[in-house]
Every structure is written in C-alpha cells, then in structure tokens.
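In case you want the letters, here they are:
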Amino acid sequence: MRLTEPPETDVVEYHHDAILPSRHALAAFVAGYRVPLVAWLLHLALVLAVAAIGVANFYTLNAVPAIGYALPPMSGIAHYTIQPLRNWDGFWYALVAVYGYGVYQASAAFWPLYPFLLRLGIEVTNWSVPVVGVLISNLAFLGALCLLYKLVTLEVSRPVAARTIWLIAFFPTAFYFSAVYTESLFLLVTVAAVYLARTGRWWWAGFFGFLAALTRNTGILILIPLGLLLLQERGWDPRRWWRQALGLTPVLLGPLLFFAELKHVWGDPLLTLHAQKGWARYRAMPWETLQTEWHKLDLAWLSYLVQHPTWGVLTNPNIRYLFAERQAYDLFIFALFVPLTLYMLWTVRPAYSLYALVSFVVPLFSPSLVHPLMSYPRFVIVLFPFFIALAKLTRNRWVFSLLLALCLVQFAGLLIQFSTWFWVA
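In short, a report on the structure. Keep in mind it's a predicted model, so treat the numbers as computed, not measured.

Attention shifts here to empty space enclosed by the protein. Taken as a whole, this structure holds one cavity of 30 Å³ or more when the rule is applied. As a volume, the largest cavity reaches approximately 80 Å³. The wall of the largest cavity is formed by Phe-323, Ala-324, Gln-327, Ala-328, Tyr-329, Asp-330, Leu-414, Trp-423 and Val-424. Counting only elements with at least two residues in the lining of the largest cavity, the list comes to α17 (317-325) and α18 (328-347). Looking at the lining of the largest cavity element by element, the count peaks at three residues for α18. A per-class count over the lining of the largest cavity returns seven nonpolar, one polar and one charged.

In structure tokens, the structure reads:
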C-alpha cells in the first residue's frame, strides 16, 4: 500500500511543478511583450488622469444626444474617468447595443461588431454600457499593440517595433483607443489578419478579415494586404494559391451580412450608405474636398492666441470652440501625413503601404459639409503602416523623443477637448 500511495510531500511537490509552466509562460510573455505592456499601461493611466482633469477643471459643453438618446450621468470616480470616454459616437454605439438597428435609420452608419460585443458584455457582466465599452476597447488595444509589436519585429527589427508602439499609443488622437469607439477593435482585427497572413495561416487571416469587415465600412480594404501577401508568397499562378484564396473569402461576407440585416429591418440593404447623409456627407473628388477644406480654413482664433499667449486665453471656451470648429487641426494632420505617405511607400512593404494609402485616400471621396476632412485625425490612428514608417524615420533618439513629447502635449489637450464635449474628430 505504501508503494501505491505517495507521501504527502510528493503530492505537494507534484502540484507545485504543475504550476511552474504557467508561471514561466507568464514571465516569458511579460518579458517578450514588455514594450507593448508598458505602453498600454501608461496610455491607460494618462487617458484616465487627463480625462478626470478635464472634467474637474474645464468648462464642459452640453452633451449631444444620439437623436434624443443619451446615457445617464455616472457617479463617483466613474464620473471623472469612464463617463468622458463615452462621448460623441459612444452614445451611438450604446444606442445600437441596447436597441439594435430598428429604432433609428441613422444608426445604420455604425457597423455591427462593436455594438454586438457591447451587448454581449452587458448581458454577461450586467455592467453599464460605458464600463463594458471602455473595458472592451482597452483589452482590444492591448492585444493590438502586442500583435503589432510581433509583426514589426518580424518585418523590420525590435527597435523599430518598439518605436512604432510608442508612437501609435501616444499619437495626439490615440485616446480614442480607450474610448467607446471602434478604433482599438479595428486595429486589433486588421493587425491580426495581416500577421496571420504574413505567417501563412490564411484561413485564420480570413476570419479576422471578416471581423474587420464587420467593424467598419472600410474593413473590406483589408483584402489589399492579404491579397498582395498571398501573391508575394505563392506567385501569380492561380493553381498555386487558389486554396489559400478560399480562406480569404469570408472577408466578403462581413458587409453582406450587415446588408442582409438592414434589408430585414428596414427593407434597404444599402441603408448604411444612405445614413451618411445624416452627417452631411456627400460625394466629391479628392481635389474638390481639399479645395473646400482650404476655403473653409479660418485661423483668426490662432492669430488672437499668438497675440495673447496666456493660460486664460488658451483655456477660454470661445477659443476652444473656435479651435474645434475652424478646420485647422484636420488639415494639419492631413498635411503631415502626405509626405509621410511618400516615405511609407518607399520604405514599408508594398502590401502594407498600399493598404494604408487607399484607406487614407478613400475618405476624400465623401467629405462633410461641416468639416470636409472630418475625423481624419482619428481615421489615421488605425493605419499602422504609417506608424511603421514614422518609426523608421525617427531613428535618432533625440528626434524620436522630441516627436513623442509633442504628441503627448497634443494628446492631453485634445483629450480635454473630447472629455468636455468639444468636437475633436
């Protein structure tokens, strides 16, 4: 009997050894992903701190309901940290998550995967929409940073990957990654699709491409890098890649499923396109969009600020409102990314750079009457090839540090704007 019943100490030692692999795996994960983990933690801490400062110390405009739908005020620390991150489109995603697409036709402009995850999270946790949304966004952002770090390390080097992570995590509008918005989810599924394709797992790449196509109306453009990577790996002979190409076909199902849902609810499968009129969007050629943007540009507020460079003027609600409404920052970001596009096309793998280029140009065909380049400062943060190029461009430590410092200053200022209901992007 003693031979078949091990002593107690042996049992304890056995369980201890069983736990060690998981500890080692966790330690290895932390060691291998230290840069994205630290960047994510600092990003989240900065977002929560600055949002709280904005709400507590700066003038706040009235909330803008989503066609009459508004989330109730939050209390306690959530009032200062979570509530500011649900502003603007957060109301719309909450509306779709709670009521679906059958209440307002305008809600069809917001694609279904993110509100579906919101709804699922609410049912599982019984938490409020903003809490679930901030949690989903931040977990998705952490996953996106880790995968992007792996991808850039594979493509270029670890130092370039590290700079890419820091630049995308603290770009001036990167706080949207922590808000109740789709940016973090979209970055996660697009980077995952590209990384899986780059490592030859085509069916999984197609699955995440399908998720991207359900997340945003530009998600289907993920077929550009996936298709080019397939051709680069297998050549132009269809007999060598048709099986892998079948794995990418689910990407096309994303929009078709959404169209079918809209057909079922409203009888109009293309309602998501028609709903854009609610944001005063119209069709135009890119040069017409830029020309309209230039004619609308008004820098009188900036001239006044330069002449009176005081904290009181800088934080004056009128100046803050004029900054939000006078087109300047939209055009500023767009202008910065134009030369960066040329450098990206020269230095980043064509499969990635062409995807970023097309995604950058497409919004020029649908400007808004209010802001011709509306949301460009937000659109660019999910276009990761730009940040790979920027990381390559900033090899010099001092140049990189200066750029990151400038980004942090703008990050804080724009987040204060956003958290107090001033328009940003």
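A word on the side chain of Arg-378. By the element assignment, Arg-378 lies in helix α20 (residues 376-379). The residues contacting Arg-378, other than those within four sequence positions of it, are Asp-89, Thr-173, Tyr-176, Tyr-181, Glu-183, Arg-216 and Ala-425.

On to the pattern of salt bridges. Charged atoms that come close allow side chains of opposite charge to pair. Taken as a whole, this structure holds nine salt bridges when the rule is applied. Two residues, Arg-216 and Glu-183, come together in a salt bridge whose shortest N-O distance is 3.2 Å. You can see Arg-216 sitting in the loop between α9 (202-215) and α10 (223-234) and its partner Glu-183 sitting in helix α8 (residues 183-198), a full 33 residues away along the chain. The class of Arg-216 is buried, set by a relative accessible area of 10%. Residue Asp-298 pairs with Arg-326 through a salt bridge whose shortest N-O separation is 3.3 Å. Of the two residues, Asp-298 is situated in the loop between α14 (286-296) and α15 (300-307) and Arg-326 in the loop between α17 and α18; the sequence distance between them amounts to 28 residues. Given a relative accessible area of 30%, Asp-298 falls into the partly exposed group.

Our focus in this paragraph is the layout of surface pockets. Taken as a whole, the second largest pocket encloses approximately 690 Å³ of empty space. Going through the elements one at a time, α15, α16 (311-314), α17, α18 and α22 (397-419) are the ones with two or more residues in the lining of the second largest pocket. Top element by residues in the lining of the second largest pocket is α22. It accounts for seven residues. Counted by class, the lining of the second largest pocket contains 18 nonpolar, four polar and one charged residues.

Now for the packing of α17 against α22. Contact geometry of α17 with α22 gives a least axis separation of 12 Å together with a crossing angle of 100°. Considering their axes alone, α17 and α22 lie roughly perpendicular with respect to each other. For the pair α17 and α22, the contacting residues are Arg-320, Phe-323 and Ala-324 in the first and Leu-414, Ile-416 and Gln-417 in the second. Across the contact of α17 with α22, the residue classes tally to four nonpolar, one polar and one charged.

We now examine a nonpolar patch on the surface. On the surface, Leu-26, Phe-29 and Val-30 cluster together into a nonpolar patch covering about 260 Å² of accessible area. Its place among the elements puts Val-30 in helix α1 (residues 8-32). A relative accessible area of 37% means that Val-30 is categorised as partly exposed.

Turning our eyes to something else, we now look at unusual backbone geometry. In this structure, Gln-327 is a non-glycine residue whose phi angle is positive, near 75°. Relative to the elements of secondary structure, Gln-327 occurs in the loop between α17 and α18. Given a relative accessible area of 5%, Gln-327 falls into the buried group. Of note, Trp-421 is a non-glycine position whose phi angle comes to about 70°, a positive value. Counting through the fold element by element, Trp-421 comes out in the segment after α22.

Criteria and thresholds
- Residue indices begin from 1 for each chain and proceed along its sequence in written order.
- In keeping with the predicted nature of the model, local features appear solely for residues at pLDDT of at least 70, side-chain atom pairs appear and are counted solely at 80 or more, and the whole-chain, interface and lining totals rest on all residues.
- Think of the side-chain values as coming from all heavy atoms in the structure, minus any hydrogens and water.
- Each cavity reported here is a set of points on a 1 Å grid over the protein atoms alone in which a 1.4 Å probe fits but cannot get out, each pocket an open set with protein on both sides within 12 Å along at least five of seven lines, and each lining residue one with an atom within 4 Å of a point.
- Grid points are joined across faces, edges and corners, and a volume is the space filled by probe spheres set on the points.
- By the criteria applied, helices consist of DSSP H or I runs no shorter than four residues and strands consist of E runs no shorter than two, each listed in order from the N terminus.
- Gly falls in the polar group here, along with every residue not listed as nonpolar (Ala, Val, Leu, Ile, Met, Phe, Trp, Tyr, Cys, Pro) or charged (Asp, Glu, Lys, Arg).
- Two residues qualify as a contact provided that any one of their heavy atoms is within 4.5 Å of a heavy atom in the partner residue.
- Just to be clear on terms, a salt bridge is a Lys or Arg side-chain nitrogen sitting within 4 Å of an Asp or Glu carboxyl oxygen.
- Only protein chains enter the accessibility calculation, which uses a 1.4 Å probe; a residue is then buried when its area is under 20% of its type maximum, exposed when over 50%, and partly exposed in between.
- Axis geometry follows a simple rule: fit a line to the C-alpha atoms, using only the stretch in contact for helices, then measure angles between N-to-C directions, giving values from 0 to 180 degrees.
- Should an angle fall under 35 degrees it is taken as roughly parallel, and over 145 as roughly antiparallel, whereas 65 to 115 is taken as roughly perpendicular and any remaining angle as oblique.
- Each patch is built from residues lacking any salt bridge and having more than 30% relative accessible area; the joining distance is 9 Å for like charges and 5 Å for nonpolar side chains (Val, Leu, Ile, Met, Phe, Trp, Tyr).
- Accessibility throughout is a Shrake-Rupley quantity obtained with a 1.4 Å probe, and a residue counts as covered only by protein chains that appear here.

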